[in-house]
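# Observations on the model geometry
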Amino acid sequence: MKNKGLLFDTKTSCLLVLLLFIFTNTISSQTLSTLTPKTNNTFIGLGLGINEYGVGIDVEKKGEYFWYFCGAGISTWGYRLTAGLSYYLNDSGYKSSFKLGYSYASGITNFTPTLEVFGGYGGYGGSKYAEKEVLMDLFPTHTINLIYSYNLKVGKKSKFVFSGGYSVKLSDELYENKSDYWLTDKSKDFIELMAPGGIIIGVKFMIGI
C-alpha cells in the first residue's frame, strides 16, 4: 500500500535506505583500506656492525607483545649468531626501539695473526720487539647485548637501522697462545679488541615483507 504523496511505499523506501547504507559502508571501507598504509610484520635485510654480528643477514618478526630478531654473519671472531627481543615505542617497526639479545661467536682454530712479540732467543725475554706470526686458538664466546636502534623509514616498506649499545662478555678465557712467543701488552690489547664485547655500533638496510 502506497502512502499518499510518497514516490515509494514504506517497504521499498526502507529497502532503498538499507542498500544505500551497505553501498556507502563498502565504499568507505575500501577507501580507508586504500588510504591506510599496510603494516609490515616481517623485515629482512643486510648489515654490518661492531660487536653485533659482523657482516651478515638479519630478520625481524612481529609478535604479540614484542618483535623477535635473529641474525647470522662473519666477524673477527669467526661465525656469529645472534637472537633476541625488540620493543618498539610505537609498535610499527619504525623509529625508536630497544633490544635485548644474545650472541654466540664460534671462534677460530689455528689462527695465525702477525703480532708484536718479545724478541730474544726462542722468543723469550729480551728488551727488543719483533713482528711474528703467532699460532693461537680463539675460543667460542658468548655475550649479552643491550641495544638502542633508530629505524628510519625509507619508501613504503623499507628502512635503515642505526644501532648503538653495549655487549657484555660471558666468557673469561678468550684464546690460547700455541706458539713459543710471548705476546706484548700491545698484542694482548689487540686480541681483546678483536674479541666480542664492548661498544656496539651497527647499520643495516631492511625490507618489509
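So, here's what we can say about the structure. (Residues numbered from 1 in each chain as written. Predicted model: local features only at pLDDT ≥ 70, side-chain atom pairs only at ≥ 80, totals over all residues. Heavy atoms only, no water.)

This part is about the pattern of salt bridges. For side chains of opposite charge, pairing can occur when their charged atoms come near one another. Considering all chains together, one arrives at four salt bridges under this definition. Between Asp-58 and Lys-204 there is a salt bridge whose closest N-O contact spans 2.8 Å. Here Asp-58, found in strand S2 (residues 55–62), pairs with Lys-204, found in strand S13 (residues 198–208); they are 146 residues apart in sequence, far enough to count as distant. For Lys-204, a relative accessible area of 4% puts it in the buried group. Glu-60 is the salt-bridge partner of Lys-159, the closest N and O atoms lying 2.9 Å from each other. With Lys-159 in strand S11 (residues 158–169) and Glu-60 in strand S2, this residue pair connects regions lying 99 residues apart in the sequence. Exposure class is identical for Lys-159 and Glu-60. Each is buried. Residues participating in the shared-partner salt-bridge network are Glu-60, Lys-99 and Lys-159. (Salt bridge = Lys/Arg side-chain N within 4 Å of Asp/Glu carboxyl O. Helix = DSSP H or I, 4+ residues; strand = E, 2+ residues; numbered from the N terminus. Buried < 20%, exposed > 50% of the residue type's maximum accessible area, 1.4 Å probe, protein only.)

The next thing to look at is the pairing of strand S3 (residues 67–75). Moving residue by residue along a regular strand, the side chains alternate between the two faces of the sheet. Only one face of S3 is covered, namely the face carrying Trp-67, Phe-69, Gly-71, Gly-73 and Ser-75; the face carrying Tyr-68, Cys-70, Ala-72 and Ile-74 is uncovered. Hairpin connection from S2 to S3: four residues lie between these consecutive antiparallel strands. Inspection of the sheet shows S3 paired to strand S4 (residues 78–88) by nine bridges, in the antiparallel sense. Each bridged residue has a counterpart across the sheet, and for Cys-70 the counterpart in S4 is Ala-83. The turn joining S3 and S4, which pair antiparallel and follow one another in sequence, is formed by two residues. (Pairing = 2+ DSSP bridges.)

Scope: geometric values only; no functional claims are made or implied.
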